[in-house]
Amino acid sequence: AAKGDGRGVHRFFSDEMLAGARTRKLLEDDLRVAVAEGAFHLCYQPVVSTKTVRIVGYEALIRWNHPTRGMVSPADFIPVAEECGLIEAIGEWVLRTACIEAARWPDGIRVAVNVSPIQFANPVLPAIVTSALAQSGIAPRRLELEITEGVFLDETRSSEQMFKALKGVGVRLALDDFGTGYSSLGYLRNAPFDKIKIDQSFVKGAAEPGNRNAAIIKAIVTLADTLGMETTAEGVEVQDEIDLLRDLGCSHIQGYVYGRPVRAEEAMRQLGVENGTATASGFKVSRAP
Ligand code: C2E
Ligand code: MG
Ligand code: MG
Ligand code: MG
């Protein structure tokens, strides 16, 4: 799919192209250059509390402005980076940059960072996280790591140890894209998640009469509540969905309805931060239900 896949980034590479080894090799070579030259930046998408209708944090999303192809979607290049061993360097850069940029936001505002299963399998991750926190000066509770069910695929004792280590550092953990992978409720029994992110495929159409997604969302929220976890609904695009999700008890909302991913400076403006101090109008989102 090209532009218009709804993710806000142009998809230059079609699935067929990516399947071709040549395109993949070209992308890999360009990625190496991009890593060396620092050609990435982060955008931040607001996460809003359904209770207060205020921004409580942002998710950091990587962007790559390719010199000739323009914006390349992370959905295209992250899998390549994972295969060719570049994800470690990219992931560390994302963690450090997100913490440094979030350090300029008001104190309670969180930042969420996506962590690849490959990073999660590397015992060095807790040290990198600790270092990123120290370097930026943000409190551990302000950092939330988003991991997908992919981390459970090669289930060994190591994922259990990683959870322990990260909890020891004091960061928050979120289970991303919940319900799309090889969902097993067993994951929730043993893993210390602070939050479940309900995948956007369940939000799509949920507000339409008779749509079965609402029942699934309700079940996920009930489960999360019982386990003491927060819930963020992803990909929320219209007011009807906000109303439904609030009624279903979902604690947080993220999606174009409250804002597309923006650069760190624009996030500062959304938060009402000027010259390092929050203004009285800060944090309030414009589209209250
Ligand atoms: P994700 O972590 O589930 O991120 C949410 C994606 O949904 C983002 O796409 C975001 O722009 C998009 N989105 C947000 N609101 C809406 C909406 O209302 N409607 C629709 N249709 N889409 C919405 P993006 O930025 O293209 O990222 C795609 C995926 O790439 C992410 O999914 C994540 O899995 C991965 N990714 C992005 N940044 C990073 C990163 O720094 N590290 C790693 N490992 N993965 C990343
Ligand atoms: Mg995410
Ligand atoms: Mg997600
Ligand atoms: Mg996703």
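Whatever comes next refers back to the structure up there.
Computed from a predicted structure; not experimentally measured.

A. Here's a closer look at the overall build of the chain. Along the chain, the regular secondary structure elements total 12 helices and 11 strands. The buried share of the chain, reckoned over its 289 residues, is 48%. A separation threshold of at least 6 residues defines the contact pool for the chain, and within that pool the share at least 24 residues apart is 68%.

B. View of the pattern of salt bridges. Evaluated as defined, the whole model comprises 16 salt bridges. Among the ionic pairs, Arg96 bridges to Glu92, the shortest N-O distance being 3.0 Å. Residue Arg96 and its partner Glu92 are both found in helix 4 (residues 87–102); the two are separated by 4 residues, about one turn of the helix. Given a relative accessible area of 21%, Arg96 falls into the partly exposed group. Its salt-bridge partner being Glu266, residue Arg269 comes within 2.9 Å of it at the nearest N-O pair. One end of the pair is Arg269 and the other is Glu266, both in helix 12 (residues 264–270) and 3 residues apart, which spans about a single turn.

C. Summary view of the packing of aromatic side chains. All told, the structure shown has 11 aromatic pairs when counted by the stated rule. Ring pairs connect the aromatic residues Phe120, Phe152, Phe163, Tyr187 and Phe193, which therefore count as one cluster. The ring of Tyr256 has Arg260 sitting right over it, with the charged end atom 3.7 Å from the ring centre.

D. Region of the structure containing the coordination of the magnesium ion (ligand 3). For the magnesium ion (ligand 3), the protein coordination sphere consists of Asp176 (OD), Asp177 (OD), Glu234 (OE) and Glu234 (OE), at 2.1 to 2.4 Å. Donor residues for the magnesium ion (ligand 3) sit on one chain with the sequence pattern D-D-x56-E. Between the magnesium ion (ligand 3) and the magnesium ion (ligand 2), the interatomic distance is 3.9 Å, and Asp176 donates to each metal, bridging them. In this pair, Asp177 sits in strand 6 (residues 172–178) while Glu234 sits in the loop between strand 8 (230–233) and helix 11 (239–247), placing the two residues 57 residues apart along the sequence. For Asp177, a relative accessible area of 25% corresponds to the partly exposed category.

E. Up close: the nonpolar core. Core analysis: the biggest nonpolar cluster contains 82 residues, and Trp105, Val129, Leu143, Leu145 and Phe193 have the highest contact counts within it. Top element by residues in this core is helix 4. It accounts for 7 residues. For Leu143, the residues in contact, after removing those within four places along its chain, are Leu95, Cys99, Val111, Val113, Val129, Leu133, Ile138, Val171 and Arg172.

F. Main features of the side chain of Ser49. Its place among the elements puts Ser49 in strand 1 (residues 40–49). On the accessibility criterion, Ser49 (9% relative accessible area) is buried. At 3.1 Å, the side chain of Ser49 forms a polar contact with the backbone nitrogen of Lys51. One polar contact links the side chain of Ser49 to the main-chain amide nitrogen of Thr52, over a distance of 3.1 Å.

G. Main features of the side chain of Glu234. The buried category is assigned to Glu234, whose relative accessible area is 8%. Residues within four places of Glu234 in sequence aside, it is in contact with Asp176, Asp177, Lys197, Ile198, Asp199, Gln200, Val203 and Gln254.

H. Geometry of the environment of Ile55. As for its placement among the helices and strands, Ile55 is situated in strand 2 (residues 55–66). With a relative accessible area of 5%, Ile55 lands in the buried category. Sequence separation between Ile55 and Phe202 is 147 residues; the distance between their C-alpha atoms is 22 Å.

I. Geometry of the environment of Glu88. Examined against the element boundaries, Glu88 turns out to sit in helix 4. Sequence separation of Glu88 and Val115 is 27 residues, and the distance between their C-alpha atoms is 9.7 Å. Beyond its immediate chain neighbours, meaning those up to four positions away, Glu88 contacts Ile118, Gln119 and Asn122. Within the structure, the side chain of Glu88 is placed 3.5 Å from the side chain of Asn122, a separation counted as a polar contact.

J. Structural view of the pairing of strand 7 (residues 195–198). Residues Lys195 and Lys197 line one face of strand 7 and the alternating positions Ile196 and Ile198 line the opposite face, and both faces are buried. Here strand 7 pairs with strand 8 via 4 bridges, running parallel. Counted as the bridge partner of Ile196 is Thr231 from strand 8.

K. The arrangement of the packing of helix 2 (residues 21–37) against helix 3 (residues 74–83) in detail. Helix 3 packs onto helix 2 with a crossing angle of 85 degrees between their chain directions and a minimal axis gap of 10 Å. Overall, the two elements helix 2 and helix 3 adopt an arrangement that is roughly perpendicular. Taken together, the residues of helix 3 that come into contact with helix 2 (itself represented by Arg24, Leu27, Glu28 and Leu31) are Asp76, Phe77, Pro79, Val80, Ala81 and Glu83. Looking at the contact of helix 2 with helix 3, its residues break down into 6 nonpolar, no polar and 4 charged.

Conventions and cut-offs
- Residues numbered from 1 in each chain as written.
- Chains lettered and ligands numbered in written order.
- Predicted model: local features only at pLDDT ≥ 70, side-chain atom pairs only at ≥ 80, totals over all residues.
- Heavy atoms only, no water.
- Helix = DSSP H or I, 4+ residues; strand = E, 2+ residues; numbered from the N terminus.
- Buried < 20%, exposed > 50% of the residue type's maximum accessible area, 1.4 Å probe, protein only.
- Contact = heavy atoms within 4.5 Å.
- Salt bridge = Lys/Arg side-chain N within 4 Å of Asp/Glu carboxyl O.
- Phe/Tyr/Trp six-rings, centres within 6.5 Å; stacked < 30°, edge-to-face > 60°.
- Lys NZ or Arg CZ within 6 Å of the ring centre and 35° of its normal.
- Donors = N, O, S within 2.8 Å, 3.2 Å for Na, K, Ca; no water.
- Core = buried A, V, L, I, M, F, W, Y, C linked by side-chain atoms within 4.5 Å.
- Polar contact = N/O pair within 3.5 Å; in protein donor to acceptor, adjacent residues only side chain to side chain.
- Pairing = 2+ DSSP bridges.
- Axes fitted to C-alpha atoms, helices over the stretch in contact; angles between N-to-C directions.
- Parallel < 35°, antiparallel > 145°, perpendicular 65-115°, else oblique.
- Nonpolar A, V, L, I, M, F, W, Y, C, P; charged D, E, K, R; others polar.

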